[in-house]
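Structural characterization, general
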Amino acid sequence: MRHMLMDDSLTSAEQNQVLHLAAQMREDRFLRRPFEGPKTVALLFDLPSTRTRVSFATGVAELGGHSLVIDTGASQLGRGEPIADTARILSRMNHMIVWRTSGHERLVEMAEHASVPVINALTDAGHPCQILADFATIAQRRDGLEESGPALAGRTLAYCGDGANNMAASYLIGGALAGMHVRVAAPAGWAPSAETVQRASAIAAETGGSVTVTGDPREACLGAQVIATDTWVSMGTEKDERIERALRPYEVTEELMALGDDALFLHCLPAYRGMEVAASVIDGPASAVWDEAENRLHAQKALMTFLADAASSSSTGQAS
Ligand code: CP
Ligand code: NVA
C-alpha cells in the first residue's frame, strides 16, 4: 500500500507526475472522479487547521467522494484508543486516511496498521502536502511545467527562519527530490537536524539538486528564485523571548527579497506580519501566497488520485 508520509514517499518522477496532474486539475476541477460512489475519506485533526481541513474536504467532494472531518479530541483516539486499532477500524470503512498529528511516529504507526493509503496532513517532522502546493505554485507563476523531466529542477529556493521545523524539513527533502537547490538560513539552535540534511543531501545527489544550510539569510537569498518562510512558533512548541531575539535577522524583508532573482515569496500560512515576514512583502507584488493556498486543493486532489490509482492497481495485481 502506498502512503504519503513524507515528501520522499514519492519518487522524483512521481512527484513530477502529481504536479502535472495538479496543474491539469486546476484547469478542470472535475477531470477525475476516483472517489465516485461515493467513497469516503477520514480526515483526522489532532491540531487546528483552516487550509488543510477545507482543501481536503473540498478536494474529496470534487473527486466524487465524501469526507468525515474528525477532531480527534472528540473521538476515542483522543481518549487513548490505540492508533493500531483506529487504523484497522478506519480501513474497514474508508478508502483513505488523512491525519494531522504532532508526533510523526504516530502517523507511521497509523500507516503500519492501515490497509488504505495514509496521508500526512502535517506532523512535527514534515508537511509534504504543503510542499506539493508550493511547487505547483512555482510552476504556475514562474516556469510552467515541461512535458517531460522534473518541473522545477535547477531552481534555487531559499528558506529563512526556523530551520528546525516541519516546513524546513519538507522544503529540504521535497526540494531535493525536485532537483532544486535548497538553501536554509537559520540561527544556531534552529538549524535543520543532521538527519534531515543527510537525507536531503542523499536525494539531491541523485537528482542534481543541492542542499545548503547557513546562518546568513543574505547568502541564502542571493540569486534565489523563490524565498520562503514560516512562523517562528509552530503548533505544539512554546513561544519564549529567545525566539524573537534569535530569529529577528531572518525576517523576510524587502531588502532580502531584493537579493533574489525576481524572487517569488511563499508562506504556507498562517503568517505573522512583522515577525517572520514584513507586511510589505507578503502583501506585495512578489507574494504568491493566495495562489499557494488555493493550490493546496489542486495538489492534494492530484495526490489522492495518484494514491487511489496505486491502491487499485495493487489490488488488481498490476504494478503501481
Ligand atoms: N498551511 C496550512 O497547513 O494551513 P492550516 O494550518 O490552516 O491547515
Ligand atoms: N510550522 C507550522 C506550519 C503550519 C501550517 C506549524 O507546524 O505550526
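Residues numbered from 1 in each chain as written. Chains lettered and ligands numbered in written order. Predicted model: local features only at pLDDT ≥ 70, side-chain atom pairs only at ≥ 80, totals over all residues.

**Thoughts on the overall build of the chain**
Counting secondary structure elements, the chain contains twelve helices and nine strands. Its C-alpha atoms give the chain principal-axis dimensions of roughly 55 × 45 × 35 Å. Relative to its 320 residues, the chain shows a buried fraction of 52%. (Helix = DSSP H or I, 4+ residues; strand = E, 2+ residues; numbered from the N terminus. Buried ≥ 20, exposed ≤ 12 C-beta atoms within 10 Å, placed from the backbone.)

**As for the UniProt feature "domain: Aspartate/ornithine carbamoyltransferase Asp/Orn-binding" (unreviewed entry) in the chain**
Per the UniProt record, "domain: Aspartate/ornithine carbamoyltransferase Asp/Orn-binding" (unreviewed entry) is annotated on residues 154-306. Helix makes up 42% of residues 154-306 and strand 15%, whereas the separation of the span's terminal C-alpha atoms amounts to 25 Å. (UniProt positions renumbered as here; feature names shortened; annotations may be inferred.)

**Structural notes on helix 3 (residues 83-93)**
Among all positions of helix 3, only Ile-83, Thr-86, Ala-87, Leu-90 and Ser-91 are buried. Looking down the long axis of helix 3, one finds its buried residues gathered within 130° of arc, a one-sided arrangement. Among the exposed residues of helix 3, those pointing more than 90 degrees away from its buried face are Asp-85, Arg-92 and Met-93. Looking at the buried positions of helix 3, the neighbouring elements they touch are strand 1 (40-45), strand 3 (96-100) and helix 4 (104-113). (Arc of directions from axis to C-beta. Contact = placed C-beta atoms within 7 Å.)

**Describing the domain arrangement of the chain**
Domains assigned within the chain are domain 1 (7-126 + 296-315) and domain 2 (128-293). The straight-line distance from the C-alpha centre of domain 1 to that of domain 2 is 24 Å. Counting from both sides, the interface comprises 27 residues of domain 1 and, opposite them, 26 residues of domain 2. Counting only elements with at least two residues in the side of domain 1 that touches domain 2, the list comes to helix 1 (12-27), strand 4 (118-120) and helix 12 (289-315). No other element matches helix 1, which puts eight residues into the side of domain 1 that touches domain 2. (Domains from an automatic or database assignment.)

**Section: the environment of Gln-17**
Relative to the helices and strands, Gln-17 resides in helix 1. Taking the number of C-beta atoms within 10 Å as the measure of exposure, Gln-17 has 14 and is therefore partly exposed. For the pair formed by Gln-17 and Phe-306, sequence separation is 289 residues and the distance between their alpha carbons is 8.6 Å.

**Details of the packing of helix 2 (residues 51-62) against helix 12**
With their axes 9 Å apart at the nearest point, helix 2 and helix 12 run at an angle of 50° to one another. The angle between helix 2 and helix 12 places the two elements in the oblique class. Here the hand of the crossing between helix 2 and helix 12 comes out right-handed. Contacts between helix 2 and helix 12 involve Arg-51, Thr-52, Ser-55, Phe-56, Thr-58, Gly-59 and Glu-62 from the former and Ala-293, Arg-296, Leu-297, Gln-300, Lys-301 and Met-304 from the latter. In the contact of helix 2 with helix 12, the residues fall into four nonpolar, five polar and four charged. (Axes fitted to C-alpha atoms, helices over the stretch in contact; angles between N-to-C directions. Parallel < 35°, antiparallel > 145°, perpendicular 65-115°, else oblique. Left-handed = near helix turned anticlockwise from the far one by under 90°. Nonpolar A, V, L, I, M, F, W, Y, C, P; charged D, E, K, R; others polar.)

**Points about the nonpolar core**
Judged by nonpolar contacts, the single largest core of 99 residues is most densely connected at Ile-97, Val-98, Leu-132, Leu-172, Ile-227, Phe-265 and Leu-303. Per-domain counts for this core show at least three residues from each of domain 1 (7-126 + 296-315) and domain 2 (128-293). When neighbours within four sequence positions are excluded, Phe-265 is seen to be in contact with Ile-227, Val-252, Met-257, Val-281, Ile-282, Ala-286, Ser-287 and Ala-288. (Core = buried A, V, L, I, M, F, W, Y, C linked by C-beta atoms within 7 Å.)

**Here's the deal with the site of ligand 1**
Ser-49, Thr-50, Arg-51, Thr-52, Leu-122, Gln-130, Cys-268 and Leu-269 make up every residue found near ligand 1. Here the shell around ligand 1 spans two domains, and each of domain 1 (7-126 + 296-315) and domain 2 (128-293) adds at least three residues to it. (Near = placed C-beta within 6 Å.)

**Section: the UniProt feature "binding site: L-ornithine" (unreviewed entry) in the chain**
As annotated by UniProt and renumbered to match this structure, "binding site: L-ornithine" (unreviewed entry) occupies Asn-166, Asp-230, Ser-234 and Met-235. For the residues just named, distributed over 70 residues, the greatest C-alpha separation is only 11.6 Å, placing them together at one site. Residue placement: Asp-230 occurs in the loop between strand 8 (226-229) and helix 9 (241-247). The exposure class of Asp-230 is buried, given the 28 C-beta atoms found within 10 Å. Here Ser-234 is to be found in the loop between strand 8 and helix 9. Those residues in contact with Ser-234, other than ones at most four positions away along the chain, are Asp-162, Asn-165 and Asn-166.

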